[in-house]
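Residues per chain are reported as follows:
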2 protein chains.
Amino acid sequence: MGEPWANSVAGIGTDLHLDLTGPRLRAGLTDALREAVRTERLTPGTRLPSSRSLAVDLGIARNTVANAYAELIAEGWLTAQQGSGTRVARRTKPRRAAPAALRPRTHPTYSLLTGSPNLAQFPRREWLAAARRAITGAPHEAFALGEANGRIELRTALANYLARARGVYTDPSRIIICSGFHHALALVAQVLKDRRVRTVAVESYGLDIYREQLSNAGLRTPALQVDEHGARVADLNRLPGVGAALITPAHQFPTGVALPPDRRAAVLDWARATGGLILEDDYDGEFRYDRSPVGALQSLDPERIVYFGTVSKSLAPGLRLAWMVLPAALVPDVVAAKGYLDWVSSSLEQLTLAEFIASGAYDKHVRAMRLRYRRRRDQLVAALAERAPGIRVTGLAAGLQAVVELPPGTEESVIRAAAAHDLEVSGIAEFRYGSTDGRDALVINYSAPLDTEWVGALAALCAVLPPTAGNPAGAT
Amino acid sequence: MGEPWANSVAGIGTDLHLDLTGPRLRAGLTDALREAVRTERLTPGTRLPSSRSLAVDLGIARNTVANAYAELIAEGWLTAQQGSGTRVARRTKPRRAAPAALRPRTHPTYSLLTGSPNLAQFPRREWLAAARRAITGAPHEAFALGEANGRIELRTALANYLARARGVYTDPSRIIICSGFHHALALVAQVLKDRRVRTVAVESYGLDIYREQLSNAGLRTPALQVDEHGARVADLNRLPGVGAALITPAHQFPTGVALPPDRRAAVLDWARATGGLILEDDYDGEFRYDRSPVGALQSLDPERIVYFGTVSKSLAPGLRLAWMVLPAALVPDVVAAKGYLDWVSSSLEQLTLAEFIASGAYDKHVRAMRLRYRRRRDQLVAALAERAPGIRVTGLAAGLQAVVELPPGTEESVIRAAAAHDLEVSGIAEFRYGSTDGRDALVINYSAPLDTEWVGALAALCAVLPPTAGNPAGAT
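Residues numbered from 1 in each chain as written. Chains lettered and ligands numbered in written order. Predicted model: local features only at pLDDT ≥ 70, side-chain atom pairs only at ≥ 80, totals over all residues. Heavy atoms only, no water.

1. Some points on the overall build of chain A
Assigned secondary structure in chain A consists of 16 helices and 17 strands. Here chain A, with 476 residues, has 58% of them falling under the buried criterion. Counting only contacts in chain A whose residues sit at least 6 apart along the sequence, the fraction spanning at least 24 positions is 74%. As presented, chain A carries roughly 19100 Å² of accessible surface, and 52% of it is formed by carbon and sulfur atoms. (Helix = DSSP H or I, 4+ residues; strand = E, 2+ residues; numbered from the N terminus. Buried < 20%, exposed > 50% of the residue type's maximum accessible area, 1.4 Å probe, protein only. Contact = heavy atoms within 4.5 Å. Areas by Shrake-Rupley, 256 points an atom, 1.4 Å probe, with all protein chains shown as cover.)

What follows is the structure, given as C-alpha cells:
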C-alpha cells in the first residue's frame, strides 16, 4: 500500500487498543482518523481509501467505515465529492498558546495585603452540611434560572439577619442578591446613569476597582476628603452636581475610622436636601472588637440609602455572594438592570448560604472569627509596642486591617525593605485618590495570614519598620 | 411620669423578655429604643430621660443606659446636644414595598416551554458527593477571589471532556469560565466592539435575549436566514460588513437542524476569506439520539471560532456555569473584559463541577438523560402519530425540543387553546427574527415536564392540535 494514508490508518486497531465490536469500534476509527488529520499524518487533500477497501484491510464491516467517514464529513474533517472519493479537508493549523500562560506565578512567603479574610478558617464542614440540607430539600424549581432578585430563601434569611445584626431596615422584597459588591455597584451605576445622575462622590481613600466601575459607567467620581473622623460629608454640598455618594460609614476603608454621629446626620441632611442617594458599603460591619458594632446608617432613611453587604470578608471572596438593600423605588430599576432573571448567581449556592444563615452557623462563624481577629489585632499592637514603640497604629476598632503610621517619606522604602524580607504589604498611597492628605503609612491585613505564617509575617514587619522620634531603639 | 417616652420605655424589660444581666441587657435596651423610634412610639424631637433617671426606673446600672444611648447616637437614631439632653432624631419614615411584589405568580398546570432540561433529574446526591470531595480537598487559596479564566481544575477537566465528547480542540489556557452563555456572549461582544467589529450576523430563529446582548453592546445584528438545512451561511458574503456570525451548528435553536457538511465548509471559507469570527453556540451538543453527536465545528479552525458550552441543558440552568474555548489571540482580551479577576463565578462550585466531570459522574448523567429524553421524544412522536396523524414533527435528531408543524394561520389559536387546557407552549413566531419564512409551528420542550405531568401535558397538546389535510380525524 503506497498510499499516503496507509501508515496512518493501517495500525489504528492496535495503536488505540480498540474494542473491535459495535459502536465503540466506529468511535475508535473516527477518533483515529480525526487525530491523523489533526496531527497532519493525513495532510489536506489526501484521498482516503474507499470504505470497502479500508474495511477489508481492517477486517471490519464496510458499514462501520462508511459511518465513520460520514461522521467526519458531517464534522468537516473530510470532504466527499461525486467522482473524486473521500479526501482530507483543508483546514488551518491551530496555534498553541504560549506555555508561559500556564506557568504558576511566584508568591512571597508572607503577605499582609488587604482583600481577604483568613481563608484557612473557612468552615468547610459546616458549609457542606448546609449544602447537603439545602440541596437535598430544595424544590425542583430551584435548579431553574431564577428571578433577578435572588432566591427568596436567601433574601428572607438575610432580612432577618441584617435587621438583627446590623440594624438594617428591610424585608425580602428590598433585597437583591449579586455576585459581589463589584456586581452590585455596576448595577447601581447603570441605574444612576439611566436616572441622569452624572456624578458620584467617592472617598479619598478606597479601592480603585470600584471607582473604575463607576467611571466605566460614564459617571464622574470627585473625591470626598477623608480625615481622622472619616469622610468630610459636609463637602458634598460644595461639590457640584453630586447625585450620589459612596461611603463606608461603619469602618472607612482602609483608614478604619467610624463615621461619627454628626457626620452621619450631615450626610442624611445632604441626601434629603438634594435628593441625593447614599451608597453605604458595609463590607466588614460584623467585625467590631471593643464594643457592639455600629448599626448601619441605612435604617435611618431606607428610601435614600442603598446598603451593600457581602460574604467576602465574613466567609470567603471565592463564594461570590453579596446583597444590596434598596430603597423600594429603586428595586424595579435594579431588577431591570440585572436583566429580570438571575443570570449570575448559582441558586444552589444561594440556598446553601440561606441555610447556613438560618441555622445559626453564620453567626457562630462570625463570632469565632471576631475573637480570632481581635487576638491577631492585639498581637499586632503588642508586637509593635515592643519592637517598634514609636510607631502609631490606627483603625483598630474594627475590621480586618489596621493602619501603621510611618515617618514622612519612608513608605516606599519600607515596602521595598519588606519585599527584601519576603513580605508583601501595601502602602496607604495605593488607596489614595485625590486626597489632600499625604501621610505615610502601611495598611496591614492582620486577619489573612495562616497561623503558621503569622509570627513570621509579624517579625518581618517589625524588622523593616523605621526608627521614629519616640523610638528608643532608633535613638541609640 | 407624664413624659411621652414613659409608656414606651418603661415596659421594655418585661415586653422583650430580656436577660437582665450584662451585655445582653444593653442590647435589649438598644433594640427596644430603636424599635420605639422606628415605630414612632417615640416621635422625632422627643426628649429622653437622663440616663440616670431611666436607670433608676428600670433598676439597672446607669452605665448600661448611657452605653445604649451612646450606641443609638452613633447610629443616628438619637441626638445629643450640650444642654438639651438626648432626643429622638428626625428621620424619614420608610415606605413599605407593595405586598403584591411578594405574591407568588400563578403557573399553569402543564408547561412545554423551552429553556430548561428536566429539573427533577438533577443528580443531587452525586453533585453533593462531588461538592464534598471538592471542598474538603480544596487548597486554602480556592476560597480567595480567583483569576478571570476560572479555576484550573475545572478548565483541565473541561479540556479533557470537550476533546473527548465534542471533538473540541483545546487546552486549559484557551478556556474561560463564565456564569452562562449570557455572560460569555456579553464578554465577546465587548471584545468585538473594542476590535471595531460593528456587525454580528445572527440566525433568523433564536432567542431575543442573546440578540439584545449584542445590540446592547452597540453591535448591529442582521439576520442570517435559517432554512430546512440550517443557517444559509453563504449569505454572510452578501451581508455588508459582518465581522462575526453567531450560529448553532450542531442543532439549530429552535428548529433542530444540524448544519450540513457543505455549509460547515462554507462558513469556514467565509471566516478565512474575510477574517470573520464564528461564534459556535453548542448549547445541547451532548444530546443526539440516533447516531453519535456531530463534533464541534470549532476544531476545524480553532483560531477563527469561539466555542460556547454550558451546563444549563446538561445539568441545570440554576448552576450558572458555562465556558468558552477561545482562539489563543482572543484570550487576553476576554480576560481583560472580565476584569482580570473572577468577580462572578463561585470557586467552590467550579471545583465541584471539575470533580463531577473528572469522576465520570457528568458522562454518566448525560448518558442517563440522553436515554430518558430519547424515550420522551419517541413518546411525543408516537402520541402525535396516533392522535394527530397529519401533524409533522421536525428537529427530532437531537436536543431537548422538537418543532410541531401547524397548518398555516393556526399558531396563535392553538397557543390560546392550549392555555385554555392549562398548557403553556411557545409558537415558533416567538423565536423568529427577520425571517422570510412564515410557517406556523409550536416549539415543544419534551424534556422538562415532570414524569407526573408528562402524560397530561402530552394529552393537552394532542387535544389542541388542529385537524390537518392528512388527518382522518379532521376529515370526518
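2. Details of the interface of chain A and chain B
Chain A puts 79 residues into the contact, and the matching count from chain B is 79 residues. Linking chain A to chain B there are zero salt bridges. Here chain A is connected to chain B by 20 residue pairs in polar contact (both at pLDDT 80 or more). Every element with two or more residues in the side of chain A that touches chain B is listed here: α3 (22-38), α5 (62-75), α6 (124-137), α9 (208-216), α10 (261-274) and α12 (347-358) of chain A. Examining the composition of the side of chain A that touches chain B, we find that eight residues originate from one element, α6(A), more than from any other. Looking at the side of chain A that touches chain B residue by residue, the classes come out as 38 nonpolar, 16 polar and 25 charged. (Salt bridge = Lys/Arg side-chain N within 4 Å of Asp/Glu carboxyl O. Polar contact = N/O pair within 3.5 Å; in protein donor to acceptor, adjacent residues only side chain to side chain. Nonpolar A, V, L, I, M, F, W, Y, C, P; charged D, E, K, R; others polar.)

3. Comments concerning the domain arrangement of chain A
On domain assignment, one finds that chain A holds domain 1 (3-88), domain 2 (110-116 + 364-464) and domain 3 (122-360). With centres defined by C-alpha atoms, the gap from domain 1 of chain A to domain 3 of chain A works out at 59 Å. (Domains from an automatic or database assignment.)

4. Let's talk about the pairing of strand β5 (residues 200-203) of chain B
Residues and elements named next belong to chain B. Where burial is concerned, the two faces of β5 agree: the one with V200 and V202 and the one with A201 and E203 are both buried. Pairing of β5 with strand β9 (residues 244-247) involves three bridges; the strand directions are parallel. Residue pairing for β9: V202 is matched across the bridge by L246. The pairing of β5 with strand β6 (residues 223-224) spans two bridges and is parallel. The partner of E203 across the bridge, within β6, is L224. (Pairing = 2+ DSSP bridges.)

5. Looking at the environment of F181(B)
Residue and element names in this part refer to chain B. In this fold, F181 is placed in helix α8 (residues 181-194). With 140 residues separating them along the chain, F181 and L321 place their C-alpha atoms 8.5 Å apart. Residues in contact with F181, not counting those within four places in the same chain, are Y210, L246, D281, F308 and A322.

6. Re the sheet that holds strand β13 (residues 393-394) of chain A
Residue and element names in this part refer to chain A. Across the sheet, four strands lie side by side as β13-β14-β17-β16; this open sheet has antiparallel pairing. Only two strands of the sheet have a single neighbouring strand rather than two, namely β13 and β16 (426-427). Both β16 and strand β17 (residues 440-445) contribute to a ladder of two bridges, which runs antiparallel. Across the sheet, the residue bridging to S426 is V443, located in β17.

7. A closer look at the side chain of R377(B)
Locating R377(B) in the fold gives a position in helix α13 (residues 361-387). In contact with R377(B), not counting residues within four places along its chain, are Y289(B), D290(B), L396(B), A397(B) and Y446(B).

8. Looking at the sheet that holds strand β11 (residues 305-310) of chain B
All names here are of chain B. With mixed pairing, seven strands are arranged side by side in an open sheet as β4-β12-β11-β10-β9-β5-β6. This sheet does not close on itself; its edge strands, each paired only once, are β4 (175-178) and β6. Packed onto the sheet, helix α7 (residues 152-166) meets β4, β11 and β12 (322-325) and runs at close to 110° relative to β4. This element, helix α11 (residues 331-338), spans β4 and β12 of the sheet and lies at about 20° to β4. (Axes fitted to C-alpha atoms, helices over the stretch in contact; angles between N-to-C directions.)

9. Structural notes on helix α15 (residues 451-464) of chain B
Along an α-helix, residues three or four apart share an orientation, since each turn contains 3.6 residues. Residues and elements named next belong to chain B. The end-to-end C-alpha distance of α15, which contains 14 residues, comes to 21 Å, matching closely the 20 Å that a straight helix rising 1.5 Å per residue would cover. When we look at burial in α15, the residues that qualify are W454, G456, A457, L458, A460, L461, C462 and V464. Taken together, the buried residues of α15 touch β3 (110-111), α13, α14 (411-420), β15 (423-424) and β17 (440-445). (Expected span 1.5 Å × (residues − 1).)

10. Side note on the relation of the copies chain A and chain B
Note on the copies: chain A fits chain B at an RMSD of 0.1 Å, the axial shift is 0.0 Å, and the rotation between them is 180°. Both copies are brought into coincidence by an operation consistent with a two-fold rotation axis. The overlap is high: 100% of the interface residues of chain A also sit at the interface in chain B, so the same surface is used on both sides. (Least-squares fit on C-alpha atoms with pLDDT ≥ 70 in both.)

11. Let's talk about helix α4 (residues 51-58) of chain A
Residue and element names in this part refer to chain A. Looking at α4, one finds that the buried residues are S51, L54 and A55. Projected down its long axis, α4 shows its buried positions confined to an angular sector of 105°, all on one face. Away from its buried face, by an angle of more than 90 degrees, α4 presents the exposed residues R52 and V56. Following α4 by one or two positions, G59 has its phi on the positive side, about 70°. (Arc of directions from axis to C-beta.)

12. Points about the packing of α6(A) against α12(A)
All names here are of chain A. Where α6 contacts α12, the two axes come as close as 8 Å, and the packing angle between them is 115°. In terms of their interaxial angle, α6 and α12 are classed as roughly perpendicular. When the axes of α6 and α12 are compared, the crossing they make is right-handed. Seen from α6, the contacting residues are E126, W127, A130, A131, R133, A134 and I135; seen from α12, they are L348, E349, L351, T352, L353, E355 and F356. Of the residues assigned to the contact of α6 with α12, the class counts are nine nonpolar, one polar and four charged. (Parallel < 35°, antiparallel > 145°, perpendicular 65-115°, else oblique. Left-handed = near helix turned anticlockwise from the far one by under 90°.)

13. So, the environment of V257(A)
Residues and elements named next belong to chain A. Its place among the elements puts V257 in the loop between β9 (244-247) and α10. Residue V257 is classed as buried on the basis of its relative accessible area of 17%. When the C-alpha positions of V257 and D281 are compared, they lie 14 Å apart, and in sequence the two are 24 residues distant. In this structure V257 touches D227, E228, H229, G230, P249, A250, H251 and Q252, once residues within four positions along its chain are discounted.

14. A look at the pattern of salt bridges
For the structure shown, the criterion picks out 42 salt bridges over all chains. With a shortest N-O distance of 3.6 Å, R125(A) and E126(A) are connected by a salt bridge. The exposed category is assigned to R125(A), whose relative accessible area is 68%. With its nearest N and O atoms 2.7 Å apart, the salt bridge here joins D282(B) to R166(B).

15. Let's talk about the environment of V188(A)
Residues and elements named next belong to chain A. Among the structural elements, V188 can be located in helix α8 (residues 181-194). Judged by relative accessible area, V188 falls into the buried class, the value being 3%. The spatial distance from the C-alpha of V188 to the C-alpha of M324 is 9.6 Å, given a sequence separation of 136 residues. Among residues more than four places away in sequence, those in contact with V188 are L279, V306, F308 and M324.

16. Some points on the packing of aromatic side chains
Residues and elements named next belong to chain A. Enumeration over the complete set of coordinates arrives at 20 aromatic pairs over all chains. Pairing F181 with Y210 gives two aromatic rings, centres 4.7 Å apart and planes at 70°, and the pair type is edge-to-face. Note that F181 is positioned in helix α8 and Y210 in helix α9, a separation of 29 residues in sequence. By relative accessible area, which is 8% here, F181 ends up buried. (Phe/Tyr/Trp six-rings, centres within 6.5 Å; stacked < 30°, edge-to-face > 60°.)

17. Some words on the confidence of the model for chain A
Residues and elements named next belong to chain A. Scored by pLDDT, chain A has a mean of 87; 89% of the residues are at 70 or more. The low-confidence segment residues 1-21, where pLDDT is below 50, has 35 contacts with residues more than four positions distant or belonging to other chains. Low pLDDT, under 50, characterises residues 92-105; the stretch is placed with 21 contacts to residues that sit more than four places away or in other chains. Confidence metrics for the complex model read pTM 0.83 and ipTM 0.82. (pLDDT = per-residue confidence, 0-100.)

18. Concerning unusual backbone geometry
In this structure, the amide linkage connecting F253(A) to the following residue, P254(A), adopts the cis form with an omega of 0°. Among the structural elements, P254(A) can be located in the loop between β9 and α10. At R320(B), a position not held by glycine, the phi torsion is positive, near 55°. Looking at the element boundaries, R320(B) is found in the loop between β11 and β12. The class of R320(B) is buried, set by a relative accessible area of 5%. The phi angle at D422(B) is positive, at roughly 65°, despite the residue not being glycine. Its place among the elements puts D422(B) in the loop between α14 and β15. Taking relative accessible area as the criterion, D422(B) reaches 33% and is therefore assigned partly exposed.

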